[in-house]
Amino acid sequence: MNDSVLHIVGALCIMDEKLSLYLEKAQRYCSLGEQCVHSVSKKMREWGVETNEVEYIIGELIVGGYLNEERYAKAFARGKFKMLKWGRKKIVYHLKMNNISPANIKIALQEIDEDMYDEVLGTLLLNKWNETKGNVFSRKGKVMSYLAAKGYETDLILNKLNEIVNNKNTKQ
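Given the structure is predicted, the values throughout are model-derived calculations rather than measurements.

1. Section: the overall build of the protein chain
The helix and strand inventory of the protein chain stands at nine helices and zero strands. In the protein chain, the succession of α and β elements from N to C terminus is α-α-α-α-α-α-α-α-α. Taken over 172 residues, the protein chain has a buried fraction of 34%. Relative to all contacts within the protein chain whose residues are 6 or more apart in sequence, the contacts with residues 24 or more apart total 63%.

Encoded structure:
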């Protein structure tokens, strides 16, 4: 063999070894917690992995079960709702920012129990109402802003708010 062929073969062996190391590193990263393709791709680019290598490694991670967009979306929706009390709109926004497909977003939102969602919204609203000072209109505005920022739907907030305001007025 001539020197140029040996040089190419040697370079391919080094690339395979480097690619294998990046794959192992990506597998460890995915094993820490659910990840999406977008976040893993971004992380690998930070490590200096070439674009074509990123695509190959992502494929390997999916085949190996390390990456699953539906599983990620479900875990994300459950976690953000249960831990941070986020509403559906905020969850959807963040899933879209991670390039999660509309189909997987729809599946993820089904993880949120409707009765629990209503209960959490009511609790957040009541707590915010009770800690807010001012007249009724001022308090309504502050509560609306707070819950909208948490990602709750305006119509649900208004319905709950009216229930609470009407109950407060009938008790006085």
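2. Observations regarding the packing of helix α4 (residues 69–84) against helix α6 (residues 102–109)
At a minimum axis distance of 8 Å, the contact between α4 and α6 shows a crossing angle of 40 degrees. By the criterion of interaxial angle, the relationship of α4 to α6 is oblique. In the crossing of α4 with α6, the sense of the turn from one axis to the other is right-handed. Each of Glu 69, Glu 70, Ala 73, Lys 74 and Ala 77 in α4 lies in contact with α6, whose residues at this interface are Asn 104, Ile 107 and Ala 108. Split into classes, the residues belonging to the contact of α4 with α6 amount to four nonpolar, one polar and three charged.

3. Details of the nonpolar core
For soluble globular proteins, the rule of thumb is that nonpolar side chains tend to be buried together. By size, the foremost hydrophobic cluster in this structure holds 28 residues, and its most contacted members are Ile 91, Leu 95, Leu 147 and Tyr 152. Contributions of two or more residues to this core are made by α4, α5 (88–97), α6, α7 (114–131), α8 (136–149) and α9 (154–171). The leading source of residues in this core is α7, at six residues. With residues near it in sequence (within four places) discarded, Leu 147 still touches Leu 121, Leu 124, Leu 125, Tyr 152 and Ile 157. Counting residues in hydrophobic clusters, the runner-up holds 14 residues, among them Leu 23, Met 44, Val 54 and Leu 61.

4. Digging into α8
Between its terminal C-alpha atoms α8 stretches 20 Å, which fits the 20 Å expected from 14 residues at 1.5 Å a residue. Three or more residues of α8 are buried, namely Arg 139, Val 143, Met 144 and Leu 147. For α8, the buried positions fall inside an angular range of 135 degrees around the axis, keeping them on one side. Among the exposed residues of α8, those pointing more than 90 degrees away from its buried face are Phe 137 and Ala 149. A positive backbone phi angle near 100 degrees is found at Gly 151, which sits one or two residues after α8.

5. Quick look at the packing of α5 against α6
Running from amino to carboxyl end, α5 crosses α6 at an angle of 145 degrees, the nearest separation of the two axes being 10 Å. In this structure, α5 meets α6 at a crossing whose hand is right-handed. Only Ile 105, Ala 108 and Leu 109 of α6 make contact with α5, whose side of the interface consists of Arg 88, Ile 91, Val 92, Leu 95 and Lys 96. Residue classes in the contact of α5 with α6 are distributed as six nonpolar, no polar and two charged.

6. A look at the side chain of Glu 153
You can see Glu 153 is positioned in the loop between α8 and α9. If near-sequence neighbours (up to four positions away) are discounted, Glu 153 is found in contact with Arg 88, Lys 89 and Tyr 117.

7. Here's the deal with the pattern of salt bridges
For the structure on display, the rule yields nine salt bridges. Of the charged contacts, one joins Glu 53 and Lys 18 as a salt bridge, the two residues approaching to 4.0 Å between their closest N and O atoms. With Glu 53 in helix α3 (residues 51–63) and Lys 18 in helix α1 (residues 3–31), the pair connects residues that are 35 residues apart, well separated along the chain. The exposure class of Glu 53 is buried, given its relative accessible area of 8%. The partly exposed category is assigned to Lys 18, whose relative accessible area is 35%. Between Glu 114 and Arg 88 there is a salt bridge, and its shortest N-O distance comes to 3.2 Å. A residue pair is termed long-range when its members are at least 10 positions apart, and Glu 114 in helix α7 and Arg 88 in helix α5 qualify at 26 residues.

Thresholds applied
- Residues numbered from 1 in each chain as written.
- Predicted model: local features only at pLDDT ≥ 70, side-chain atom pairs only at ≥ 80, totals over all residues.
- Heavy atoms only, no water.
- Helix = DSSP H or I, 4+ residues; strand = E, 2+ residues; numbered from the N terminus.
- Buried < 20%, exposed > 50% of the residue type's maximum accessible area, 1.4 Å probe, protein only.
- Contact = heavy atoms within 4.5 Å.
- Axes fitted to C-alpha atoms, helices over the stretch in contact; angles between N-to-C directions.
- Parallel < 35°, antiparallel > 145°, perpendicular 65-115°, else oblique.
- Left-handed = near helix turned anticlockwise from the far one by under 90°.
- Nonpolar A, V, L, I, M, F, W, Y, C, P; charged D, E, K, R; others polar.
- Core = buried A, V, L, I, M, F, W, Y, C linked by side-chain atoms within 4.5 Å.
- Expected span 1.5 Å × (residues − 1).
- Arc of directions from axis to C-beta.
- Salt bridge = Lys/Arg side-chain N within 4 Å of Asp/Glu carboxyl O.

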